[in-house]
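# Fold and contact review
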Amino acid sequence: MRIENSFIPVRGVGETTERRLWEAGVTHWDEFDGSVVGETTADRIQSFIDTARDRLENGDARYFGEQFPSGERWRMYENFREEACFFDIETTGLSQERDKVTTVSFHQGGETTTLVRGDDLTADALRAQFEDAAILVTFNGKRFDVPFLETSFDLSLDHPHLDLMYPCKQLGLTGGLKVIEQEIGVERDRPDISGEDAVRLWTEHQRGRDGALETLVSYNREDAVNLRTLTDTVAERLHEDVFAPVAQR
């Protein structure tokens, strides 16, 4: 599924109208035929296509983040895959006001970077990591990672955001990130480490225990890297559920 297959961003076009277009053979902007829908809707769709082509050519992910319903932003992934920033944070607890961010790992363009509290985890370093991102990809980041970083570092992360927890639920994949990873066949080097262990590891690092920080960083980096694998799987499965059966007719 690519952005160019989508008509749902258009005002007045819901799932039913979009599916009617697909079933009529209009599965791409290039194939748009206004006779399939009413005149007003056809005008709106054509206007959207004319604008969206230029925005897509210019790599304007923010525009599409605003146009797509939040539950359909997974459709942006194929177009902006290489500029997607997969990230995950570890903290000393769950309170944005009382607790601290300990590590943040980013996976983008095949490279993985981890910032560590007390070393290189600063507001400027975070801004630099997010600067070139077209879309942000997290798991439960809408409720946790993003507001935690914004509160802790006075950031404003207004990029288009694909929180995988929600499209996973559309596919019947529920539970935490590691439960879902196991269900789709993703293996970890340290499958026995949990979020609670991450808090413990940071405390042990503060007390000087050798290897605690290295284990925490390794765990955090796996979270970020595995988000890429999970997104690939989720996007493919949603494509098969939503678009492929119609496009193949």
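Rules and cut-offs
- Residues numbered from 1 in each chain as written.
- Predicted model: local features only at pLDDT ≥ 70, side-chain atom pairs only at ≥ 80, totals over all residues.
- Heavy atoms only, no water.
- Helix = DSSP H or I, 4+ residues; strand = E, 2+ residues; numbered from the N terminus.
- Contact = heavy atoms within 4.5 Å.
- Phe/Tyr/Trp six-rings, centres within 6.5 Å; stacked < 30°, edge-to-face > 60°.
- Buried < 20%, exposed > 50% of the residue type's maximum accessible area, 1.4 Å probe, protein only.
- Pairing = 2+ DSSP bridges.
- Axes fitted to C-alpha atoms, helices over the stretch in contact; angles between N-to-C directions.
- Polar contact = N/O pair within 3.5 Å; in protein donor to acceptor, adjacent residues only side chain to side chain.
- Parallel < 35°, antiparallel > 145°, perpendicular 65-115°, else oblique.
- Left-handed = near helix turned anticlockwise from the far one by under 90°.
- Nonpolar A, V, L, I, M, F, W, Y, C, P; charged D, E, K, R; others polar.

The chain has the name YprB ribonuclease H-like domain-containing protein in an unreviewed UniProt entry, where Halorientalis persicus is given as its organism.

### Quick word on the environment of Leu 136
Counting through the fold element by element, Leu 136 comes out in strand β4 (residues 135–138). Taking the C-alpha atoms as reference points, Leu 136 and Phe 87, 49 residues apart in sequence, are found 7.5 Å from one another. Once residues lying within four places of it in the same chain are set aside, the contact partners of Leu 136 are Cys 85, Phe 87, Phe 130, Leu 157, His 159, Pro 160, His 161 and Leu 162.

### Focus on the packing of aromatic side chains
Taken as a whole and judged by the stated rule, the model has nine aromatic pairs. Both rings, one in Tyr 63 and one in Phe 64, keep their centres 5.0 Å apart while their planes meet at 80 degrees; by these two values the pair is edge-to-face. Residues Tyr 63 and Phe 64 agree in their burial class; the two are buried. In textbook terms, an aromatic cluster arises when at least three aromatic residues are bridged by ring pairs, as seen for Phe 87, Phe 106 and Phe 130.

### Points about the sheet that holds β4
Pairing within the open sheet is mixed, and its five strands lie in the order β3-β2-β1-β4-β5. Two strands lie at the open edges of the sheet, namely β3 (111–116) and β5 (161–163), each paired on one side alone. Here the average twist between neighbouring strands, direction ignored, is 25 degrees. Two strands pair when backbone bridges link them, and strand β1 (residues 84–91) and strand β2 (residues 101–108) are joined in this way by six bridges, in the antiparallel orientation. Within β2, the residue paired with Phe 86 across the bridge is His 107.

### Some points on the environment of Asn 5
Here Asn 5 shows up in the segment before α1 (15–23). By relative accessible area, which is 11% here, Asn 5 ends up buried. Here the alpha-carbon distance between Asn 5 and Lys 142, two residues 137 residues apart in the chain, equals 26 Å. If sequence neighbours within four positions are ignored, Asn 5 has contacts with Glu 18, Trp 22, Thr 27, His 28 and Phe 243. Looking at Asn 5, its side chain comes within polar contact range of the main-chain nitrogen of Arg 2, at 2.8 Å.

### A closer look at the packing of helix α7 (residues 177–184) against helix α9 (residues 212–242)
In a pair of packed helices, the angle between the axes and the distance between the axes together describe the arrangement. Put simply, α7 and α9 touch, their axes get as near as 11 Å, and they point 55 degrees apart. Relative to α9, the element α7 lies oblique. Between α7 and α9 the crossing geometry is left-handed. Contacts from Leu 177, Lys 178, Ile 180, Glu 181 and Ile 184 of α7 reach α9 at Tyr 219, Asp 223, Asn 226, Leu 227, Leu 230, Thr 233 and Arg 237. Taken together, the residues of the contact of α7 with α9 break down into six nonpolar, two polar and four charged.

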